[in-house]
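# An overview of the molecular structure
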Amino acid sequence: MWKTIRQWLGAAADVALPRVCPVCGQTLDSDEQWLCRQCLAKLPRTRYEDTTFNTMEQHFAGKVPIERATAYFFYEKGSPFASILHDIKYHGMPRMGQWLTARAVRDMAASGFFDGIEVVTAVPLHRSKLAQRGYNQSEYLARGIAQALGIDYIEALKATRPHSTQTHKGAMERWLNIQGNYALKEKSISQLRGKHILLVDDVVTTGSTLTACADLLKSIPGANVSLFTLAAARLE
Ligand SMILES: [Zn+2]
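Below you will find a few notes about this structure. (Residues numbered from 1 in each chain as written. Predicted model: local features only at pLDDT ≥ 70, side-chain atom pairs only at ≥ 80, totals over all residues.)

### As for the pairing of strand E2 (residues 119-122)
Residues Val119 and Thr121 of E2 are buried on one face, and the alternating residues Val120 and Ala122, pointing to the opposite face, are buried as well. Alignment of E2 against strand E3 (residues 152-153), held across 2 bridges, turns out to be parallel. Looking at E3, one finds that Val119 is bridged to Asp152. (Buried ≥ 20, exposed ≤ 12 C-beta atoms within 10 Å, placed from the backbone. Helix = DSSP H or I, 4+ residues; strand = E, 2+ residues; numbered from the N terminus. Pairing = 2+ DSSP bridges.)

### Things to note about the sheet that holds strand E6 (residues 196-204)
Taking strand neighbours across the sheet as the criterion, the 5 strands line up as E1-E7-E6-E2-E3 in an open arrangement whose pairing is parallel. Each end of this open sheet is capped by a strand with a single partner; those strands are strand E1 (69-74) and E3. Strand direction decides the pairing type here: E1 and strand E7 (residues 224-232), joined by 5 bridges, are parallel. Note on E7: the bridge partner recorded for Phe74 is Ala232. Contacts between helix H8 (residues 137-149) and the sheet are confined to E2, E3, E6 and E7, with E6 contributing the most and set at about 135° to the helix. (Contact = placed C-beta atoms within 7 Å. Axes fitted to C-alpha atoms, helices over the stretch in contact; angles between N-to-C directions.)

### So, the packing of helix H6 (residues 94-107) against H8
H8 packs onto H6 with a crossing angle of 35° between their chain directions and a minimal axis gap of 7 Å. With respect to the hand of their crossing, H6 and H8 are arranged in right-handed fashion. Along the contact surface, H6 presents Pro94, Arg95, Gly97, Gln98, Trp99, Leu100, Thr101, Ala102, Val105 and Arg106, while H8 presents Gln137, Tyr140, Leu141, Arg143, Gly144, Ile145, Gln147, Ala148 and Leu149. (Left-handed = near helix turned anticlockwise from the far one by under 90°.)

In structure tokens, the structure reads:
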């Protein structure tokens, strides 16, 4: 019940209502932030970053040349951990995402995944969606990483068209459609020249959005691109 009221009231509910873990629904201790200790310990980590040419990197191989790719945890429909993504994206809790990605940077430090990354950017949201939702969740995720690494977040891309329904389209048509949805921001090109850019999104499923965005970033002279998502569907 608290969760429903919280969603209804939005972020202002933080002060008025007991804070609850979005995964298990338990009230959080004063020293717990966003998720309870038990659920954090049970987070279904992909640990892709610990493997050379991991499943996610293989998924993008032959589509767009990237340096590295990883996702923090597995996403499955109906899993209690899926509520983290819903809360971040739809329920006005993008700051939970920012906190989680900063945590991911610390968690993955030993793997060296973030070594050499010079700048962080995010998959953009079309302005009509932005007006509707009020924020771009992927920007919060990217900012969490940039802050934890002490590097810049740059808004490098823009969404030129609202995302249209894809289900009835064939693979090629779908690809062309997604590719035309994004563009590089003119002024970011000089800032990103020769840089190793980390492109961030909330979830990777088919990878077509990340491919289209990475492709644009790769068109910047000397730029290298790595990918990070908060969650991943089980990729094939
Ligand atoms: Zn919990």
